[in-house]
Amino acid sequence: MTQDEMKKAAGWAALKYVEKGSIVGVGTGSTVNHFIDALGTVKEDIKGAVSSSEVSTEKLKQLGIEVFDCNQVSSLDIYVDGADEINAAREMIKGGGAALTREKIVAAISDKFVCIVDGTKAVDVLGSFPLPVEVIPMARSYVGREMVKLGGDPVYREGVTTDNGNIIIDVHGLSITHPKELEDKINAIAGVVTVGLFAHRGADVVITGTENGAQIED
């Protein structure tokens, strides 16, 4: 089974958590694209979706799924999204696709976060994947210096502008043994919109695509 087939297995398995008549929180990325395809097969049974990125919004609309603005809903039953890394405590690094801020907002209003990944994303310690930080452009140099103080090697993600009009700094070289503490420290830096650590709001359910199909931990 290829990596993409494992992603597909995870994405389609998440359909079991979709309630009839609900509005579904939908994330961003290659694994989520498979979930969106799956969601299209039950579109008559749901009210619609709240999306974390313009890319996902476009795909949802192409399948005929109504997309609601986040401000139109007070809460969501579930949010389905991937991760760049996830540890045993279900804390994650997200933001490889530069949608981390909107992803964090949709996760915050959702009762259940269903994380869909392939087996390569599970790690003992977060940090091998560079930690994305969304930053207001004028603060780029300052935030970079602060990342160095925290032990990281910040790299400006060239040519990328987020859906919110900001930039991304990817922080390399971190071994994140206390994710919640680091999330708080980075979020407190002036000019940071948010960091791609999902530690305070981790996953409630993890669906992992493997050689033997989808494995569910809930």
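Structure first, text after, so check above.
Analysis parameters
- Residues numbered from 1 in each chain as written.
- Predicted model: local features only at pLDDT ≥ 70, side-chain atom pairs only at ≥ 80, totals over all residues.
- Heavy atoms only, no water.
- Helix = DSSP H or I, 4+ residues; strand = E, 2+ residues; numbered from the N terminus.
- Buried < 20%, exposed > 50% of the residue type's maximum accessible area, 1.4 Å probe, protein only.
- Contact = heavy atoms within 4.5 Å.
- Areas by Shrake-Rupley, 256 points an atom, 1.4 Å probe, with all protein chains shown as cover.
- Lys, Arg positive; Asp, Glu negative; His and termini not counted.
- Charge placed at Lys NZ, Arg CZ, Asp CG, Glu CD.
- Pairing = 2+ DSSP bridges.
- Axes fitted to C-alpha atoms, helices over the stretch in contact; angles between N-to-C directions.
- Phe/Tyr/Trp six-rings, centres within 6.5 Å; stacked < 30°, edge-to-face > 60°.
- Lys NZ or Arg CZ within 6 Å of the ring centre and 35° of its normal.
- Salt bridge = Lys/Arg side-chain N within 4 Å of Asp/Glu carboxyl O.
- Parallel < 35°, antiparallel > 145°, perpendicular 65-115°, else oblique.
- Left-handed = near helix turned anticlockwise from the far one by under 90°.
- Nonpolar A, V, L, I, M, F, W, Y, C, P; charged D, E, K, R; others polar.
- Arc of directions from axis to C-beta.
- Core = buried A, V, L, I, M, F, W, Y, C linked by side-chain atoms within 4.5 Å.

A. Quick look at the overall build of the protein chain. A tally of regular secondary structure across the protein chain gives six helices and 14 strands. Across the 218 residues in the protein chain, those meeting the buried criterion constitute 53%. Taking contacts inside the protein chain between residues at least 6 apart in sequence as the whole, the part at least 24 apart equals 72%. Carbon together with sulfur atoms contributes 48% to the accessible area of the protein chain, which is approximately 9900 Å² in total. A distance of 2 Å separates the average location of the 21 positive side-chain charges in the protein chain from that of its 32 negative side-chain charges.

B. Seen up close, the sheet that holds strand E9 (residues 153-156). The four strands lie next to each other as E9-E10-E8-E11, forming an open sheet whose pairing is antiparallel. Each end of this open sheet is capped by a strand with a single partner; those strands are E9 and strand E11 (192-195). Averaged over neighbouring strand pairs, the angle between their axes works out to 30 degrees when direction is ignored. Running over the sheet, helix H4 (residues 100-108) touches strand E8 (131-135), strand E10 (167-172) and E11 and is turned about 65 degrees from E11. Against the sheet, helix H6 (residues 179-187) makes contact with E8 and E11, and its axis sits at roughly 170 degrees relative to E11, the strand it touches most.

C. Main features of the packing of aromatic side chains. One pass over the structure, following the stated rule, counts one aromatic pair. It is Lys94 that lies over the ring of Phe198; its NZ or CZ is 5.4 Å from the centre. It is Lys104 that lies over the ring of Phe198; its NZ or CZ is 5.0 Å from the centre.

D. Molecular detail of the pattern of salt bridges. Scanning all chains against the criterion turns up 10 salt bridges. Its salt-bridge partner being Arg157, residue Asp170 comes within 2.7 Å of it at the nearest N-O pair. Within this pair, whereas Asp170 is found in strand E10, its partner Arg157 is found in the loop between E9 and E10, the two being separated by 13 residues in sequence. Overall, the relative accessible area of 11% leaves Asp170 in the buried class. Between Asp204 and Arg201 there is a salt bridge; the shortest N-O distance is 2.9 Å. Using a relative accessible area of 30% as the deciding quantity, one classes Asp204 as partly exposed.

E. Quick look at the packing of helix H2 (residues 30-40) against helix H3 (residues 54-62). Between H2 and H3, the shortest axis-to-axis distance is 10 Å and the interhelical angle comes to 25 degrees. By the angle class used here, H2 and H3 are roughly parallel. As for how H2 packs across H3, the hand of that crossing is right-handed. In contact with Asn33, Ile36, Asp37 and Leu39 of H2, H3 contributes Ser56, Lys59 and Leu60. Grouping the amino acids of the contact of H2 with H3 by side-chain chemistry returns three nonpolar, two polar and two charged.

F. Examining the packing of helix H1 (residues 3-13) against H2 more closely. At a minimum axis distance of 8 Å, the contact between H1 and H2 shows a crossing angle of 50 degrees. On the basis of their axis angle, the class for H1 and H2 is oblique. As H1 packs across H2, the resulting crossing turns out to be right-handed. Counted together, Asp4, Lys7, Lys8, Ala10, Gly11 and Trp12 of H1 and Ser30, Thr31, His34, Phe35, Asp37 and Ala38 of H2 form the full contact between these two elements. In the contact of H1 with H2, the residues fall into four nonpolar, four polar and four charged.

G. Structural context of helix H5 (residues 140-149). Within the span of H5, buried status applies to Val143, Gly144, Glu146 and Met147. The buried residues of H5 occupy an angular sector of 160 degrees when projected down its axis, which confines them to one face. What points out from H5, more than 90 degrees from its buried face, is the exposed set Arg145 and Lys149. Close packing links the buried residues of H5 with E8, E9, E10, H6 and E11.

H. Representation of the nonpolar core in the model. Formed by 23 residues in total, the largest nonpolar core has its most connected members in Val26, Phe35, Leu39, Ile116 and Ile207. Sorting the residues of this core by element identifies H1, strand E1 (23-26), H2, strand E4 (76-81), strand E7 (110-118) and strand E13 (205-210) as the ones contributing at least two each. With five residues, the top contributor of residues to this core is H2. Formed by 19 residues, the second largest nonpolar core is a distinct cluster that contains Leu131, Ala139, Ile169 and Ile176.

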